[in-house]
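Tertiary structure, described
Read off the chains here:
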Amino acid sequence: MRTVTGGEESKVDRVGVSVIVLCLLLILGATVAPKAAGAYIPTLQIVGDIENALDIRGVEGLDLQTITYGDRTLHAVSIDELLKIAKPRSRSDVIYSAPDLAARVDASLLANSYLAFTPENGWEVLNFDHPTSSNIKRLEQIIAVAHELEWDDRITIISPIENIAYFSIGQLHASSQYVHWEYNGSATFTHDTVGYTSSVYTKSPAVTLSDLAGEADLGRVLVVGGSGEMAVYKGGMFLLRPNHVDFVAEGRRGMVKNVKGIILNSPVSSNSDAFHDALHFLGAGRSVLLVILDGFGYHQYAYASDNGYLPFMSSLGEAQRVLSVYQPVTNAGLASILTGVGPEQNGVMSRNQRSLTSQDLFEVATEMGKMSAYIVGDRQIINVSMEPVYNLDLNQSGSTDDEILATTLLYAKKDVDLVVAHFKDIDRSGHTFGDLSLQTMLTIAETDRYLEELITSWDGMVIVAVDHGMHSTLDGGGHGLLRYEDMFVPYFILEGGKR
Amino acid sequence: MQKKWIGRFTLSLLIVVLAIGIVFADDSLLITGLLDEDTVVPLSMIRELPQLTQDVVAVNSAGKESHFTVTGALFDDLLATYGKQQENILGIRLIASDGYSIDVPREVLVQREIILAYLTDGMLLDERSEPLRAIIPEERAMYWVRNLIQIEIIDQVQSAEITTIRFLESLTEIQPLEDYAYYAEIDQAINIQEIVENLGLDQKPERVFFQASDGFEKNETYEEFSSGYIKMTGTSAPLFLSPKLPKGMQVKDIVFFTVADNGFVSLTQAFDYYAPKTQDDVVGISLAELMADLGVVKSDLYRLTAIDGYEVEVTAEDMASGYVYFDEDQVRSYFPGLRRNTSVLGLYTIEAVR
């Protein structure tokens, strides 16, 4: 039935060499010229839920083996080997897609599946173990569709109260799409005063917002990009790139690259309001205490409030539900609170950045002639324009929050206009025990007592802001993902002083 | 004989002119449509602009990628030497010496940098590309024009010509104000939708320009602007805000904003922004200074109208020495040496009489 040349002992070397060669030729996008001069070989794409998108533009450089399939002898490359280079993000199916036909098979069962190019059939799949109906000819794409994906590898649709849906890139490639004609420009050659003009378009597979989020009233919609940018949706298309999605706004007025998700019914308010609100009160001659709680999602606040873990804060009314930033991690959330702008402007979008590229609250307060203090634990997360007041765990309680409380109370008695205090315990407990665990609720209750002490001691305005939320994981809690538990946080503005 | 001599002389002159023209074309870039007259930019001038070296990837129509490093100057920097900005250019045409040209639309101009490259991979451009090659990173190779000899400015944003100044303090006397909750206060605000409806604009502007008294400047889209309010009382007034806009997009302490050919001025903030002048016991803001900043169109005559409908016309010469000030709480004009009837109490508009 079949013959594959090449001995077993040479297979490892051959695979190793072929991976290197293919990496060079395919990942770098090199064009492999067809052997036969003048012969056209169409591009075959490997797309979907993969790390490395591949464009195969020729046969040279491929690790070809000689196979016999039926009465045909062909030079072919192992699809399994190609997928090893493409690196599917998880266990996947692959879809062999031709213009008018497609076949879906399990990617883990491709040991005897080959890809060949012949002048009569173009790119052609030859599956020795599968039914012959899977042997697709004139193949254009191999689409990897993951069975399960990490949250961050998906495109997620969320609202302030739920994670609504998610899509993988492979799923989108395998679904019905529009072909979006993107106008690139018109060039002209002028010969003898006659202009010969041609207009060029890029054709991209695309999906619309309603394809992703349905037709219901979606409220204020934000498109969130991988670098933390958020664009208010006012029309546009989601373009399917080989292994990611870009959003292009109507009229080509902006693009969000590497879309991570979409937020429906998003509030206008965000934790960056803390910056503007603090400056407003300082400008009005009020002193401001800005308390930053780390890792306290709105759903945790609601749960704690409903179950009696926040007696003091609950007595002051309901918190506002505001948006954090993407990525919802301490660096980026803190930067948003302290600069009043998002990651694309302040330069802090993940745990990897510490330096701000825009003015921080302390700098502006100083320009206003105000005295400030920044009270933190034993280290500072991002670099700000003033030296923080550090607090070590002197009583070895396992936390520095009690020391931060004591220091902040001391500053409440000083002639300081702006005090910013960053409490970490809710985040620590959430990571260790889970966002809604009893231990975390008890930590929230302890923080509630801290807040009562701080607010009643402060003669001025108090703002309570949160950097990011927290979601449940198998071993506790985590954050940093585009999910409602991480992205929506409580926010308070209160009058300080005795109740 | 004389005719023959004239003919030879004319031919020689033509050859010399052509030769000079060729040399000139080789060493310069022609820019048309930027200023009133065509501009010849010597390549030496482009080389003196801040130098930029960037790795770029050209993608041709077949999808083939070519990677190289280009060195050159930014078109925006070149424009800056003529007091222009790329973001205010609505369209350009890049023209090569072989007749190839491509139009670069506004969408590309506002998003991309245009490099006028004179080196590739550290080497002088070859014959196929010299004297300059336009490089627009992230756009297709069709925009990367070799043998670039001319840039035609197809259209550019014209400096806004303001024909009418409107004083916000007087506007609040004739336009109903709405309650607007701002922190713990209930302030009074003008609904911008009503302002723009009353203006009866034939064509909506793309953007609205704000000038704040702390020097902050902002261009806001008309769409966002028209959905908002101008808060006229309380903290930071006049304050542009909207329940639909994040706090970071608010504009505080507005001195003026311009909508199409209308300039809306807060005299209160103008007193903070400009240095008030004293003339004949009147402490006011110079109209000449205010009109220059707003870009009010030149006219022989200006019509001043009060909120009660009273009108008076003042010559351009008198306007140049005029002031606006507060008389009690009302806006009032003052022109040294002119009759008292030009001192309009409750001044609402100053309009250029065409």
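As a reminder, the structure under discussion sits directly above these lines.
Residues numbered from 1 in each chain as written. Chains lettered and ligands numbered in written order. Predicted model: local features only at pLDDT ≥ 70, side-chain atom pairs only at ≥ 80, totals over all residues.

**What to know about the pairing of strand 7 (residues 113-118) of chain A**
Residue and element names in this part refer to chain A.
- Extensive coverage of strand 7 is indicated by the burial of five of its six residues.
- Pairing analysis gives three bridges linking strand 4 (residues 72-78) to strand 7, with the strands arranged antiparallel. Bridge pairing links Ala 76 to Ala 116 in strand 7.
- One ladder, built from six bridges, connects strand 7 with strand 8 (residues 122-127); its direction is antiparallel. Its bridge partner being in strand 8, Phe 117 is matched across the sheet by Trp 123.
- Connecting strand 7 to the next strand, strand 8, in antiparallel fashion are three residues. (Buried ≥ 20, exposed ≤ 12 C-beta atoms within 10 Å, placed from the backbone. Helix = DSSP H or I, 4+ residues; strand = E, 2+ residues; numbered from the N terminus. Pairing = 2+ DSSP bridges.)

**Details of the interface of chain B and chain A**
- With 19 residues of chain B in contact, the opposing surface of chain A contributes 23 residues.
- The leading source of residues in the side of chain B that touches chain A is strand 6 (residues 100-105) of chain B, at four residues.
- Across three bridges, the pairing between strand 12 (residues 178-191) of chain A and strand 6 of chain B is antiparallel. The residue of strand 6 of chain B that forms the bridge with Thr 188 of chain A is Ser 101 of chain B. (Contact = placed C-beta atoms within 7 Å.)

**Side note on the packing of helix 12 (residues 425-433) of chain A against helix 13 (residues 438-457) of chain A**
Residues and elements named next belong to chain A.
- Closest axis-to-axis distance for the helix 12/helix 13 pair is 8 Å, and the angle between their directions is 175°. The angle between helix 12 and helix 13 falls in the class roughly antiparallel. Residues Asp 425, Ile 426, Ser 429, Gly 430 and Phe 433 of helix 12 pack against Gln 439, Thr 440, Thr 443, Ile 444 and Thr 447 of helix 13.
- For the contact of helix 12 with helix 13, a count of residues per class yields three nonpolar, six polar and one charged. (Axes fitted to C-alpha atoms, helices over the stretch in contact; angles between N-to-C directions. Parallel < 35°, antiparallel > 145°, perpendicular 65-115°, else oblique. Nonpolar A, V, L, I, M, F, W, Y, C, P; charged D, E, K, R; others polar.)

**Focus on unusual backbone geometry**
- With an omega of 5°, the peptide bond running from Tyr 326 of chain A to Gln 327 of chain A counts as cis.
- Structurally, Gln 327 of chain A is set in the loop between strand 21 (320-323) and helix 8 (330-339).
- Ala 237 of chain B connects to Pro 238 of chain B through a cis peptide bond whose omega is -10°.
- Relative to the helices and strands, Pro 238 of chain B is located in the loop between strand 16 (229-231) and strand 17 (239-241).
- One non-glycine residue with positive phi stands out, namely Lys 87 of chain A, at about 55°.
- Turning to its location among the elements, Lys 87 of chain A is positioned in the loop between helix 2 (79-86) and strand 5 (92-97).
- One non-glycine residue, Asn 265 of chain A, lies in positive phi territory at about 50°.
- As for its position among the elements, Asn 265 of chain A is in the loop between strand 19 (259-263) and helix 5 (273-283).
- Given 15 C-beta atoms within a 10 Å radius, Asn 265 of chain A is considered partly exposed.

No statement about biological role is implied by the geometric values presented.
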